[in-house]
Amino acid sequence: MATFLYQLGRLAFRRRHFVALMWVALLTLAGVGAASAPSAGSTSFSIPGTEAQKAFDLLEQRFPGGSADGGTARVVFKAPDGEKMTDAANKATVEKTVKELSDGSEVVSVADPYQAHAVSKDGTIAYASVRYEVPGMELKDASRDALEDAGQQARDAGLTVEIGGDALQAAPAAAASEVIGLAIAAVVLVITFGSLVAAGLPLLTALIGVGIGVSVITALANALDLGSTTSTLAMMIGLAVGIDYALFIVSRYRAELAEGRDREEAVGRAAGTAGSAVVFAGLTVVIALAGLAVVNVPMLTKMGLAAAGTVVIAVLIALTMVPALLGYAGRKVKPTGEKGKLRGGRRKAASDKAVSDKAVSGDAAAAKPNMGTRWASFVVRRPVAVLLLGVVGLGAAALPATSLELGLPDEGSQPTSTTQRRAYDLLSEGFGPGFNGPLMVVVDAKASDAPKTVVSDVTSEIKGLKDVVTVTPATYNKAGDTATITVIPDSKPSSVPTEDLVHSIRDAGAEIKADTDASVLVTGATAMNIDFSQKLNDALVPYLILVVGLAFLLLILVFRSILVPLKAALGFLLSVLAALGAVVAVFQWGWLASLFGVEETGPVMSMMPIFMVGVVFGLAMDYEVFLVTRMREAYVHGEKPSQAVVTGFRHSARVVVAAALIMIAVFAGFIGASESMVKMIGFGLAIAVLFDALVVRMAIVPAVLALLGEKAWWLPKWLDRALPNVDVEGESLRTEADAAKDTDTDEDRALVRV
């Protein structure tokens, strides 16, 4: 592989005009496709195999034309202090609002609060339910405007009016903090390279890759039913890996220049060595993201595949466009050790070479070690203390994860500045917290001899259950063999008592089915969320086995070792648990919640554990590959295991830390997003990278390798013969010219001795 990538890098360097035009053309085509594509509609949320989904599908069959997936809105009215909603003037205002809403072209029905008994017991709050014939995201702007105008007219009449439901749902706006994250990444790159040109290359290539990926997703969003969160995730992952992959190749290119190679040869060798690591690191990320398909949740599968596609684009750009742009940059990208104008340095390659020669010859006092060398030397001297400190620290951070509660965000988790959140709070105030999460019980009595008797028995059974506030009369379909019953819990939607109530209704339904052959199914948004969380929990272990297993085999191929991949996987699990503990502490317990803009604490998003496992595993293996391949490269060239650890850190630690800081900055930029799910993902990924890169890879990895010594690189002989040689270290790039150069150097040293 190293030879192929070496040739590809040199070809891209020589044919830089063609390569650059090709990527610009792809970006243009993707942009045109995104601009001309129809706008994305509502993202369907289905969970195959769950009871809530079966009930939803049954409703569409037995209640045709009911717009089961249509948009909804709740217009909530509150009377001024000292007044009631039943007062004549207030009642007239509400009825006028209901009439105006009923005239909408996409409106199916509007429930009058006074006829639907939708007035609170104290008479201060009422609501009108609006149903639309199309999903909320597909509503015309005229329908949304009419909804807002009707609410504003009621406000002008003196009422407090807030609007909940998905009718006003819109794609989350980009946060300014995302731009700040990119700015921090740019600063880290400038500090790392000491040059605006060298720092600009990773940013430029990452933005081009993300531009292509997000544009393609936007162009296909309507056809493939992709939601706004899909493109946000692709942008988040694409920016992070795109910058990092380019950073590693540019860094290796500068190191090759420092060894005296010409620019084309340096590009080829950078692509052959660092490029090989990029390929395998990208493969681990792609495996982790594409592996989300095993959960069998279409939305999660699409998110994973879209993000994986963006990672593939980032890898291809790093292997082709980065070498091409290095060709354009010429002497503006300087060798390692030659400081640029931004750092006020002069050319000192010769002096660095002298220091290097003295270090090789054993004159350690003359060689000035960098920070990576000093840190690795410290860890190698005290591996047990460093290992214990790292493991205990991450273990302490992981403790809150033992209290993990899972759920999905609802309107109650939105900022208090939104009308949806204020409507949620008003409904809780007037009708109880469970009113925002009604359960819909579907009774399929088609196989029963007395459907209405069965439905009556089900209703009585549910009324006797704990945590039930209200059970509405059953609504039958035209055939009279299927009924729906709405159950209002006493607790808020995302709570343990509500989840227990769902299970209690299902248990009672199982007994009724055994006696009458009638099926009792529970659905609705709350039940759907509960089933979604359970499905993700059930899929977590199979997903871990698949992803970690495949990546383990891949790392055996890369490192030709058993213990190094095993250590990498165990370290990853430790960092993920610690990151989940931090998420629980902030988003569930409320620690430092105001600092991160968390206005409402509650259960952690259901997909967070499995999502973090997938994404963080891929990213963690990036650092493992880039850091440990340099160690193995030194080991296979004859260094002792402990010295190979130090050598790997001398060449890679600075770049790996810079890459981690960049990734943390990019992910942390999404903490400022208005959507709670995006905020939580950004925080979780940022803290996970912090733990994994700076604790696991920088401390635990060298400590373990120092303790293992020669055993770290052990591989059974039969397996060594069976595995193909992928040559990540670039051993095949030792050309005849290098061999001749080494021979000349040996002869010169012999003459000096004489």
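Reading guide: rules and limits
Residues numbered from 1 in each chain as written. Predicted model: local features only at pLDDT ≥ 70, side-chain atom pairs only at ≥ 80, totals over all residues. Heavy atoms only, no water. Pairing = 2+ DSSP bridges. Helix = DSSP H or I, 4+ residues; strand = E, 2+ residues; numbered from the N terminus. Axes fitted to C-alpha atoms, helices over the stretch in contact; angles between N-to-C directions. Contact = heavy atoms within 4.5 Å. 1 Å grid on protein atoms, 1.4 Å probe; cavity = no way out; pocket = protein on both sides within 12 Å on 5 of 7 lines; lining within 4 Å. Points joined across faces, edges and corners; volume = space filled by probe spheres on them. Nonpolar A, V, L, I, M, F, W, Y, C, P; charged D, E, K, R; others polar. Phe/Tyr/Trp six-rings, centres within 6.5 Å; stacked < 30°, edge-to-face > 60°. Buried < 20%, exposed > 50% of the residue type's maximum accessible area, 1.4 Å probe, protein only. Lys NZ or Arg CZ within 6 Å of the ring centre and 35° of its normal. Salt bridge = Lys/Arg side-chain N within 4 Å of Asp/Glu carboxyl O.

Caption draft 1: Looking closely at the sheet that holds strand E3 (residues 125-132). Spatial strand order, E2-E3-E1-E4: four strands in an open sheet with antiparallel pairing. Each of the sheet's edge strands pairs with one partner strand only, and the pair in question is strand E2 (107-111) and strand E4 (160-164). Strand-to-strand twist in this sheet, taken as the mean axis angle between neighbours without regard to direction, amounts to 15 degrees. Pairing geometry for strand E1 (residues 72-78) and E3, over seven bridges, is antiparallel. Note on E3: the bridge partner recorded for lysine 78 is isoleucine 125. Of the strands in this sheet, E1, E2 and E3 touch helix H4 (residues 88-102), which is tilted by about 170 degrees from E2. Packed on one face of the sheet, helix H5 (residues 141-156) meets E1, E3 and E4 and runs near 155 degrees to E4.

Caption draft 2: Summary view of empty space enclosed by the protein. Summed over the entire model, instances satisfying the criterion amount to four cavities of 30 Å³ or more. Looking at the largest cavity, its volume works out to about 60 Å³. Taken together, Thr205, Ala206, Gly209, Val210, Gly238, Gly242, Ala246, Thr310, Ala314, Ile317 and Ala318 make up the lining of the largest cavity. Elements supplying a minimum of two residues to the lining of the largest cavity: helix H7 (196-224), helix H8 (228-258) and helix H10 (298-329). Class assignment for the residues of the lining of the largest cavity results in six nonpolar, five polar and no charged.

Caption draft 3: A look at the packing of aromatic side chains. Enumeration over the complete set of coordinates arrives at eight aromatic pairs. Ring centres of phenylalanine 596 and phenylalanine 683 lie 4.9 Å apart, and the angle between their planes is 65 degrees; on these two criteria the pair is classed as edge-to-face. Note that phenylalanine 596 is positioned in the loop between helix H18 (563-588) and strand E11 (604-605) and phenylalanine 683 in helix H21 (residues 676-708), a separation of 87 residues in sequence. In this structure phenylalanine 683 comes out as buried when scored by relative accessible area, which is 6%. By the ring-pair criterion, three or more aromatic residues cluster together here, those being Tyr127, Phe431 and Phe435. Positioned above the aromatic ring of tyrosine 127, the side-chain terminus of arginine 74 is 5.4 Å from the ring centre.

Caption draft 4: Representation of the side chain of aspartate 531. Mapped onto the secondary structure, aspartate 531 falls in helix H17 (residues 525-559). Aspartate 531 sits in the buried class, given a relative accessible area of 7%. Not counting residues up to four positions away in its chain, the partners in contact with aspartate 531 are Thr50, Glu51, Ala52 and Arg506.

Caption draft 5: Expanded view of the pattern of salt bridges. As enumerated under the stated definition, the model contains 18 salt bridges in all. Between arginine 261 and glutamate 256 there is a salt bridge, with the nearest N and O atoms lying 2.7 Å from each other. The salt bridge involving lysine 567 is made with glutamate 624; its shortest N-O contact spans 2.4 Å. Taken as a pair, lysine 567 in helix H18 and glutamate 624 in helix H19 (residues 608-636) lie far apart in primary sequence, 57 residues in all. On the accessibility criterion, lysine 567 (9% relative accessible area) is buried. Here the salt bridges share partners, and the residues they tie into one network are Arg10, Arg14, Glu264, Glu265 and Arg269.

Caption draft 6: Here's a closer look at the pairing of strand E9 (residues 482-489). Of all eight residues in E9, seven are buried, a share of seventy percent or more. Where strand E6 (residues 439-444) meets E9, six bridges bridge the pair, whose relative direction is antiparallel. In the sheet register, leucine 439 faces E9, and the bridge partner there is valine 487. Bridge count for strand E7 (residues 468-471) against E9 is three bridges, and the pairing is antiparallel. Its bridge partner being in E9, valine 468 is matched across the sheet by proline 489. The pairing of strand E8 (residues 475-476) with E9 spans two bridges and is classified as antiparallel.

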